[in-house]
Amino acid sequence: MVPKVYAGQEMAMVENENCIMNGKWKKRVHVFGERVMRFPNKAWQTTWKVGREDPRRLIHAFKVGLSLTLASLLYLLEPLFKGIGQSAIWAVMTVVVVLEFTAGATLCKGLNRGLGTLLAGLLAFLVGYIANASDRVSQAIIIGAAVFFIGALATYMRFIPYIKKNYDYGLVIFLLTFNLITVSSYRLENVLKIAHDRVYTIAIGCAVCLLMSLLVFPNWSGEDLHNSTVYKLEGLAKSIEACVNEYFYGEIEGSGYMKLSEDPIYKGYKAVLDSKSIDETLALHASWEPRHSRYCHRFPWQQYVKVGAVLRQFGYTVVALHGCLRTEIQTPRSVRAMFKDPCIRLAAEVSKVLIELSNSIRNRRHCSPEILSDHLHEALQDLNTAIKSQPRLFLGPKHRHNQATNMLKIAAAQVGQERHGKTSLSSVKTDSSALLEWKTKRVSAEQTKESERKSLRPQLSKIAITSLEFSEALPFAAFASLLVETVAKLDLVIEEVEELGRLACFKEFIPGDEFVVTCQEPRVDVSQNHLPSHGVD
């Protein structure tokens, strides 16, 4: 009977497991079906969002498709294919690699690729001509030595900062083409035709890319850099005002959690913190672009990089200001209300200065000499007066400070007594018993120290918190000092923007001109428009 009972239980368990497995599979199939049903709608929404953020992306996709079609005609049309042959595929590959989103990036890569290919072809032809004048063994030695010497020299040149910054891609293409033609010349007779066809087709591909970038709805790297600087100033202005408004009007909870991607304050300064590499890349590509402005002079793109560096320093202060909203210890709302008006006015004046700077860059004119208005100084003075009028909030009762100091002394004395009592030896022994006792006491002393450290941490932590309770306005003092720090760093931002206006020959400010104070939402993050290139061919 017992085995039958067990067998029945096992069968019931197996049936239950099968039911559970079937239920899981049905649930998975149902979830998969829902995802499949939602995929077309989600794909359409994503596609529409990408194009709506920046319509230039759709235009660039059209330009790439048209360029590939034009380059493919060399391979598809019989008369062109007979004249070029299999090398026509190099034109298509060149379009894929060279055609970038902006004209500056396309010029940089296209000219690098064309120049590198041309120099490599000439040098490979020279090496092949010298090698062909010798016997078979000497030809192999000359080719091997040339490959080693040129490869080592070109690679070493890539470490030179100026060449690495401007011509690194050209050197890579030079190495690839030189080795391809030189090594092939040892086995092939008509190596000159290989070099000629490769240079010819790459030149056609580069020409298609350059004409498409410069003549068909061109996107300028310089304009992207210019607009991104404007948007960064406006983003910082929005973040400062939003920080102060949330501090005095919003519900601040130290333990509250919000995703950074959903925080409007974070969105304002995020582009500033992430702008270093983007600014440097855009400035480099803009330096390759033609002078399409009406003045046709060399535009100081590197000054935009300096402005971006100063804005990042300013942005770190805004990050710290934002951090005050998420600290565990907060000043009571009743205390914050005492300083609300001067802080809000001060933040509004700082934001106004930043927006005026952004408008001056947008309109390419110098900023007003009175950009630091009297209202800003008045707001600073009012905040200083309000803080001085409440000395007890920031200094606190004296007996609390003495009490915290006495508690620290008592804790230290207790720890010292316990440590001294547990490590003293009552007598001195010799031989093996003394050695054994010494080892035992050493182990026990280490365990005692570890337990003391564990018990001391919460004690000191509580004492530290108690000592901080002397001032309810301490968190506000940190917030106010950071707000004043933003005012101090305004001078650096203004100096760099004025230097930009001087180097770029901005229009002079006329007292009758009026700045339209606006704070627009950035159209798009320019870093998302630059697609990475994988490989050189």
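Fair warning: this is a prediction, and the values are worked out from it, not measured in the lab.

For the rest of this paragraph, the subject is the overall build of the protein. Across its full length, the protein holds 20 helices and zero strands. Sorting the 537 residues of the protein into buried and exposed places 36% on the buried side. In the protein, the share of contacts with a sequence separation of at least 24, taken over all contacts with a separation of at least 6, comes to 86%. By element, 63% of the accessible surface of the protein is carried by carbon and sulfur atoms, the whole surface being about 32300 Å².

Close contact between helix α10 (residues 221-249) and helix α11 (residues 264-273) brings their axes to 8 Å; oriented N to C, the two are set at 150°. One finds that α10 runs roughly antiparallel with respect to α11. For the element pair α10 and α11, the recorded crossing hand is left-handed. Contacts from Lys 232, Gly 235, Leu 236, Ser 239, Ala 242, Cys 243 and Glu 246 in α10 reach Ile 265, Gly 268, Tyr 269, Ala 271 and Val 272 in α11. The residue makeup of the contact of α10 with α11, split by class, is seven nonpolar, three polar and two charged.

Counted according to the given criterion, the structure contains 13 salt bridges. Note that Asp 168 is salt-bridged to Arg 158, the shortest N-O span being 2.7 Å. Within this pair, whereas Asp 168 is found in helix α8 (residues 168-184), its partner Arg 158 is found in the loop between α6 (136-157) and α7 (161-166), the two being separated by ten residues in sequence. With a relative accessible area of 22%, Asp 168 lands in the partly exposed category. Of the residues examined, Arg 158 reaches a relative accessible area of 29% and is grouped as partly exposed. Each of Asp 54, Arg 56 and Asp 224 takes part in one network of salt bridges that share partners.

Bringing the confidence of the model for the protein into the picture now. Per-chain confidence: the protein averages 77 in pLDDT, with 71% of residues scoring 70 or above. This model gives residues 398-412 a pLDDT under 50, and the stretch forms nine contacts once residues within four places in sequence are excluded. Contacts of residues 515-522 to residues separated by more than four positions or lying in other chains number 22 contacts, the stretch itself having pLDDT below 50.

As a further point, take the environment of Gly 85. Take Gly 85: it is sitting in the loop between α3 (78-84) and α4 (89-98). Gly 85 sits ten residues away from Tyr 75 along the chain, and the two C-alpha atoms are 7.6 Å apart. Setting aside chain neighbours within four positions, we find Gly 85 in contact with Tyr 75 and Leu 80.

Before going further, it helps to spend a moment on the packing of aromatic side chains. By the definition in use, this model includes 13 aromatic pairs. With 5.2 Å between their ring centres and 85° between their planes, Tyr 247 and Phe 248 make a pair best called edge-to-face. Assessed through its relative accessible area of 7%, Phe 248 is described here as buried. Ring geometry for Phe 299 versus Tyr 304: centroids 6.2 Å apart, planes at 25°, classification stacked. Here the two residues Phe 299 and Tyr 304 agree in accessibility, since each one is buried.

By the element assignment, Ile 194 lies in helix α9 (residues 191-215). In the structure, Ile 194 is positioned 14 residues away from Leu 180 in sequence and 9.6 Å away in space, judged by C-alpha atoms.

Let us look at the UniProt feature "transmembrane region" (unreviewed entry) in the protein. The feature "transmembrane region" (unreviewed entry), as given by UniProt, occupies residues 58-77, 89-108, 115-131, 137-157, 169-187 and 199-217 in the numbering adopted here. The straight-line gap between the two end C-alpha atoms of residues 137-157 is 30 Å; of that span, 100% is helix and 0% is strand. Within the segment residues 169-187, helix and strand shares are 84% and 0% respectively, and the terminal C-alpha atoms sit 28 Å apart.

Once that is clear, we can look at the nonpolar core. One finds Phe 314, Leu 354 and Leu 357 to be the most contacted residues of the largest nonpolar core, which totals 59 residues. When residues of this core are traced back to their parent elements, those giving at least two are α10, α11, α12 (276-288), α13 (301-323), α15 (340-362), α16 (374-388) and α20 (474-503). Here Leu 357 is in contact with Leu 233, Cys 367, Ile 371, Val 493, Ile 494 and Val 497, once residues within four sequence places are set aside. Listed in part, the 13 residues of the second largest apolar core include Ile 150, Ile 163, Leu 171 and Phe 174.

Now for unusual backbone geometry. In this structure, Phe 217 takes a positive phi of about 45° despite not being glycine. Along the polypeptide, Phe 217 turns up in the loop between α9 and α10.

Once that is clear, we can look at the packing of α12 against α13. Axis separation between α12 and α13 bottoms out at 9 Å; the angle between their running directions is 170°. Considering the angle they form, α12 stands roughly antiparallel to α13. Between α12, through Lys 276, Asp 279, Glu 280, Ala 283, Ala 286 and Ser 287, and α13, the contact on the second element is made entirely by Trp 301, Gln 302, Val 305, Gly 308 and Arg 312. Partitioning the contact of α12 with α13 into residue classes produces four nonpolar, three polar and four charged.

A full pass over the atoms with the stated rule returns zero disulfides. Between Cys 243, a free cysteine, and Cys 324, which holds the nearest cysteine sulfur, the sulfur-to-sulfur gap is 8.6 Å.

With that settled, consider the environment of Leu 321. Looking at where Leu 321 falls in the secondary structure, it is placed in helix α13. When its relative accessible area of 0% is taken as the criterion, Leu 321 is described as buried. Taking the C-alpha atoms as reference points, Leu 321 and Leu 482, 161 residues apart in sequence, are found 6.1 Å from one another. Setting aside residues up to four positions removed in sequence, Leu 321 forms contacts with Cys 243, Phe 479, Leu 482 and Leu 483.

The subject of this paragraph is a nonpolar patch on the surface. Taken together, the side chains of Leu 115, Leu 118, Leu 119 and Leu 122 define a hydrophobic patch exposed on the protein surface, amounting to about 370 Å² of accessible area. Tracing the sequence through the fold places Leu 119 in helix α5 (residues 103-132).

Glancing now at α6. Two residues of an α-helix separated by three or four positions point the same way, owing to the 3.6 residues in each turn. Taking 1.5 Å of rise per residue, the 22 residues of α6 would be expected to cover 32 Å, and the 32 Å separating its terminal C-alpha atoms lies within 8% of that figure. Buried within α6 we find Gln 139, Ile 143, Ala 146, Ile 150, Gly 151 and Ala 154. Viewed end-on, α6 has its buried residues packed into an arc of 115°, placing them on one side of the element. Turned more than 90 degrees away from the buried face of α6 sit Val 137, Ile 141, Phe 148, Phe 149 and Tyr 156, all of them exposed.

Cut-off values and rules
Residues numbered from 1 in each chain as written. Predicted model: local features only at pLDDT ≥ 70, side-chain atom pairs only at ≥ 80, totals over all residues. Heavy atoms only, no water. Helix = DSSP H or I, 4+ residues; strand = E, 2+ residues; numbered from the N terminus. Buried < 20%, exposed > 50% of the residue type's maximum accessible area, 1.4 Å probe, protein only. Contact = heavy atoms within 4.5 Å. Areas by Shrake-Rupley, 256 points an atom, 1.4 Å probe, with all protein chains shown as cover. Axes fitted to C-alpha atoms, helices over the stretch in contact; angles between N-to-C directions. Parallel < 35°, antiparallel > 145°, perpendicular 65-115°, else oblique. Left-handed = near helix turned anticlockwise from the far one by under 90°. Nonpolar A, V, L, I, M, F, W, Y, C, P; charged D, E, K, R; others polar. Salt bridge = Lys/Arg side-chain N within 4 Å of Asp/Glu carboxyl O. pLDDT = per-residue confidence, 0-100. Phe/Tyr/Trp six-rings, centres within 6.5 Å; stacked < 30°, edge-to-face > 60°. UniProt positions renumbered as here; feature names shortened; annotations may be inferred. Core = buried A, V, L, I, M, F, W, Y, C linked by side-chain atoms within 4.5 Å. Disulfide = S-S within 2.5 Å. Patch = residues over 30% accessible without salt bridge, like charges linked within 9 Å, V, L, I, M, F, W, Y side chains within 5 Å. Expected span 1.5 Å × (residues − 1). Arc of directions from axis to C-beta.

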